[in-house]
Amino acid sequence: MRRFPIVVTCLFLILGMMAVPTYASGSSDSIVISQSVTKVDDDSYYLEIISIPAIQLYSNTKRGTKTAAYVASGTTIYSISVTGTFNYDGTSSEAISASGTITTYVDGVSINNRYAYTSGASAYAFGSVSYNGVTLQKTVTLTCDKDGNLS
């Protein structure tokens, strides 16, 4: 009989931990695992965010998304994302799929080109957009190490 309260307490602790992840951009099904900023010039930068689904369906398979949002004068102009799926086994890893998307946030942005591909343990997305007479190009790379860690 003494084990019942311990089991119930452990169950509540586990359920409580599962209910408090940090969510990416308002999405309730992904968790942000890293953020970084890459400065382009004095007035613009790329904000890069890596997120993973809150639930990964298969062991030894990892799915994640890396998004690079271009911000100029405090306004997000566009973002490019790569979503990759990887197999890993503690010895090596391999990217098995990649898809890329471009999202525009202001008028006057036109998408010139977009494609995604895999190579080794990385998923890549390339995008090219035009904005105010300037062509902006970006390649986003998502890599999985042998232990399933994304960078």
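(A) Focus on the packing of aromatic side chains. Tallied over the entire structure, the rule returns 6 aromatic pairs. Members of the aromatic cluster, each reached through a chain of ring pairs, are Tyr115, Tyr117, Tyr124 and Phe126. Note that Lys138 overlies the ring of Tyr46, its terminal NZ or CZ placed 4.5 Å from the centroid.

(B) Seen up close, the sheet that holds strand β6 (residues 110-119). Taken together, the 3 strands give an open sheet; going across it, the order is β6-β7-β8, and neighbouring strands pair in antiparallel fashion. Looking at the sheet topology across the chains shown, the edges are occupied by β6 and β8 (134-143). For this sheet, the mean angle separating the axes of adjacent strands, direction not counted, is 10°. In terms of strand pairing, strand β7 (residues 122-131) meets β8 through 10 bridges, oriented antiparallel.

What counts and how
Residues numbered from 1 in each chain as written. Predicted model: local features only at pLDDT ≥ 70, side-chain atom pairs only at ≥ 80, totals over all residues. Heavy atoms only, no water. Phe/Tyr/Trp six-rings, centres within 6.5 Å; stacked < 30°, edge-to-face > 60°. Lys NZ or Arg CZ within 6 Å of the ring centre and 35° of its normal. Pairing = 2+ DSSP bridges. Helix = DSSP H or I, 4+ residues; strand = E, 2+ residues; numbered from the N terminus. Axes fitted to C-alpha atoms, helices over the stretch in contact; angles between N-to-C directions.

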